[in-house]
Amino acid sequence: MPRWKPDARQRLVVAALTLFTEQGYDDTTVAQIAERAELTRSTFHRHFADKREILTAGQKTLSRLLVEGITEAPDDATPVEAVAAGLERASGEMTSFNRELSPLLHAAIEANEELQERNALKSIGMAAAMVEALRRRDVPEPTAQVAAELGVLAFKLGFASWGDPARDETPGDLAPLVLTALDELRAAATGLS
């Protein structure tokens, strides 16, 4: 097996999600993932501790980008405007690879309870990172929590729309979809009172 091919991590993610969709998460082994990616098991373990980590492969990077965007928002930005800056920063780093994985990721998560739980933990991690960044901007806790949760939901909605293979138009960039979702959620929240 050639070990020098580029993009081993991406190939492992694609292989894992494809196998999870084809045969189920529980019936997929690390050896099968490595074989499908044309890599060795040891290469798999250099990138991931186990197959559960596939789902959260980009979580640290995503959280870091969200925090960077919030931190770099103008000083006079409202909490939701700061979250929008974080979402724009993180969304801007998403590539066609992320978009192409979306249907596979969605199918794998929907088919397995453990993956659904890990996906929920990923959302909690994103929200926690945004809350902490907002707190550093002296945003009160309840406001930071609400703004962060709106941000997580906006990201999910925008990403789902972006990755939907049934969309008629060219997907374009993720950021406008996420920011539109955030605006819609903000308007909906205003209507709750």
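See the structure above.
Given the structure is predicted, the values throughout are model-derived calculations rather than measurements.

(A) Highlighting the overall build of the protein. A count of helical and extended segments in the protein gives 9 helices and 0 strands. Along the protein, helices (α) and strands (β) appear in the sequence α-α-α-α-α-α-α-α-α when read from the amino end. Relative to the compact-globule value of 16 Å for 193 residues, the protein shows a C-alpha radius of gyration of 18 Å, a close match. Each of the three principal axes of the protein carries a C-alpha extent, and together these read 55 × 35 × 30 Å.

(B) Layout of the layout of surface pockets. Size it by volume and the largest pocket reaches roughly 1100 Å³. Sorting the residues of the lining of the largest pocket by element identifies helix H1 (8-23), helix H4 (59-72), helix H6 (96-110), helix H7 (113-135) and helix H8 (141-163) as the ones contributing at least two each. The element contributing the most residues to the lining of the largest pocket is H6, with 9 residues. For the lining of the largest pocket, a count of residues per class yields 19 nonpolar, 12 polar and 7 charged.

(C) Expanded view of the packing of H7 against H8. Axis separation between H7 and H8 bottoms out at 8 Å; the angle between their running directions is 135°. In terms of orientation, H7 and H8 fall into the oblique class. Every pair of crossing elements has a handedness; the one defined by H7 and H8 is right-handed. Between H7 and H8, the residues in contact are Ser123, Met126, Ala127, Met130, Val131, Leu134 and Arg135 and Glu141, Ala144, Gln145, Ala147, Ala148, Glu149, Gly151, Val152, Phe155 and Lys156, respectively. For the contact of H7 with H8, the class distribution of residues is 10 nonpolar, 3 polar and 4 charged.

(D) Representation of the environment of Lys122. Mapped onto the fold, Lys122 is located in helix H7. Along the sequence, Lys122 and Val152 sit 30 residues apart, while their C-alpha atoms lie 9.9 Å from each other. With residues near it in sequence (within four places) discarded, Lys122 still touches Leu55, Thr56 and Gln59.

(E) The environment of Phe20, seen in detail. Position of Phe20 among the secondary structure elements: in helix H1. Spatially, the C-alpha atom of Phe20 lies 10.0 Å from that of Lys51, the residues being 31 residues apart in sequence. Setting aside its immediate chain neighbours within four residues, Phe20 contacts Tyr25, Thr28, Ile33, Lys51, Ile54, Ala108 and Leu115.

(F) Region of the structure containing the pattern of salt bridges. Scanning the entire structure with this criterion turns up 9 salt bridges. The partner of Glu22 in a salt bridge is Arg36, and the shortest N-O contact between them spans 2.9 Å. Here Glu22 is found in helix H1, whereas its partner Arg36 is found in helix H2 (residues 30-36), with 14 residues between them in sequence. Residue Arg135 pairs with Glu132 through a salt bridge whose shortest N-O separation is 2.9 Å. Here Arg135 pairs with Glu132, and both are found in helix H7, just 3 residues apart, close to one helical turn. Assessed through its relative accessible area of 33%, Glu132 is described here as partly exposed.

(G) Fine view of helix H5 (residues 79-92). For H5, with 14 residues, the first-to-last C-alpha span of 20 Å sits near the 20 Å given by 1.5 Å per residue. Turning to H5, its buried residues number three or more, namely Val80, Ala82, Val83, Ala84, Gly86, Leu87, Ala90 and Ser91. Packing partners of the buried residues in H5 comprise H4, H7, H8 and helix H9 (175-190).

Conventions adopted
- Chains are numbered independently. Their residues run from 1 in the order of the written sequence.
- Reporting in this predicted model follows two pLDDT cut-offs: at least 70 for local features of residues, and 80 or more for side-chain atom pairs to be given and counted; totals over whole chains, interfaces and linings ignore these cut-offs and use all residues.
- Derived side-chain values reflect all non-hydrogen atoms in the structure, with water molecules and hydrogen atoms excluded from consideration.
- Helix and strand definitions here come from DSSP, where helices need a minimum of 4 consecutive H or I residues and strands a minimum of 2 consecutive E residues; each element is numbered from the N-terminal end.
- With the radius of gyration taken over C-alpha atoms, the globule rule is written as 2.2 Å times the number of residues to the power 0.38.
- Buriedness for pockets is judged along seven lines, at least five of which must meet protein on both sides within 12 Å for an open set on the 1 Å grid over protein atoms alone, while cavities are sets there where a 1.4 Å probe fits but cannot get out, and lining residues have an atom within 4 Å of a point.
- Grid points are joined across faces, edges and corners, and a volume is the space filled by probe spheres set on the points.
- When residues are sorted by character, Ala, Val, Leu, Ile, Met, Phe, Trp, Tyr, Cys and Pro go into the nonpolar class, Asp, Glu, Lys and Arg into the charged class, and all the rest, Gly among them, into the polar class.
- Orientation is described by lines fitted to C-alpha atoms, with helices fitted over the stretch in contact, and by angles between N-to-C directions that extend from 0 to 180 degrees.
- Orientation categories follow fixed angle ranges, with anything under 35 degrees roughly parallel, anything over 145 roughly antiparallel, 65 to 115 roughly perpendicular, and all other angles oblique.
- Helix crossings get a hand from a simple test, with the near helix turned counterclockwise from the far one by less than a right angle marking a left-handed crossing and a clockwise turn marking a right-handed one.
- Between two residues, a contact is recorded if the distance between any of their heavy atoms is within 4.5 Å.
- By convention in these notes, a salt bridge is any Lys or Arg side-chain nitrogen within 4 Å of a carboxyl oxygen on Asp or Glu.
- Exposure classes here rest on a 1.4 Å probe applied to the protein chains alone. A residue is buried below 20% of its type maximum, exposed above 50%, and partly exposed in between.
- An expected span of 1.5 Å times one less than the residue number is assigned to each helix.

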